[in-house]
Amino acid sequence: MTDVLLSVEVAAPAGTTWLALTDWTRQGEWMLGTEVEVLAGNGRSVGSRLAAFTGVAGIGFTDTMEIIGWEPPVRCTVRHLGKLVRGTGAFHVQDKGPQRSVFIWSEQLELPFGVVGRLGWPLAKPAFTLGLRYSLQRFAKFAERYSVGAV
């Protein structure tokens, strides 16, 4: 298992940040190389399933997730169900005042490929973290201009 924990400050109320975060089908607007779709349920309740394809030009992988915790507007917890990505993730929004919030992304992941994955993770982690940090900065801008139903 490996832990990933990153956060970003958002100049938007916690409720707006939550709505932007859980607008799954628009996640591709801020998450680097990723498109998300709701596979089952409404995407806003325990038991809903999501599929996040990450890649370029159709080459990549799909991360299938099930929502296992739904506590709006504070936390969404998912279980990764795929062959490549397994473990749990949490998306947490902290209220910091009328126009400020913090989005916290955390993961507890089982590394794929056995011993090769464990040995390779120290090499892959910096690029993974850099991409995630970049995406979180994009998320902050997305959330700060977010409106329900906007395209």
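Up top you'll find the structure we're talking about.
Residues numbered from 1 in each chain as written. Predicted model: local features only at pLDDT ≥ 70, side-chain atom pairs only at ≥ 80, totals over all residues. Heavy atoms only, no water.

Mind laying out the pairing of strand β6 (residues 86-95), listing which residues take part and the relevant values?
Bridge analysis of strand β5 (residues 75-81) against β6 gives seven bridges, and the strand direction is antiparallel. Bridge pairing in β6 links T77 to A90. Between β5 and β6, which pair antiparallel and follow one another directly, the connecting turn spans four residues. Alignment of β6 against strand β7 (residues 101-110), held across ten bridges, turns out to be antiparallel. Considered in β7, the bridge of T88 is made with Q108. Hairpin connection of β6 to β7: five residues between the antiparallel strands, including G97 at a positive phi of 130°. (Pairing = 2+ DSSP bridges. Helix = DSSP H or I, 4+ residues; strand = E, 2+ residues; numbered from the N terminus.)

Which residues make up the environment of D95, and what are the values?
Inspection of the secondary structure puts D95 in strand β6. Once the C-alpha coordinates of D95 and S147 are considered, the two residues, 52 residues apart in sequence, prove to be 18 Å apart.

How would you sum up the sheet that holds strand β1 (residues 2-10)? Please name residues and give values.
Pairing is antiparallel in the open sheet, where seven strands are placed in the order β1-β7-β6-β5-β4-β3-β2. Every other strand in the sheet has two partners, leaving β1 and β2 (34-40) as the edge strands with one partner each. In this sheet, neighbouring strand axes are inclined to one another by 25° on average, regardless of whether the strands run parallel or antiparallel. Pairing geometry for strand β3 (residues 49-56) and strand β4 (residues 59-71), over eight bridges, is antiparallel. The residue of β4 that forms the bridge with R49 is E66. Sheet strands touched by helix α1 (residues 14-21): β1, β4, β5, β6 and β7. Its angle to β6, the strand with the most contacts, is close to 150°. (Axes fitted to C-alpha atoms, helices over the stretch in contact; angles between N-to-C directions. Contact = heavy atoms within 4.5 Å.)

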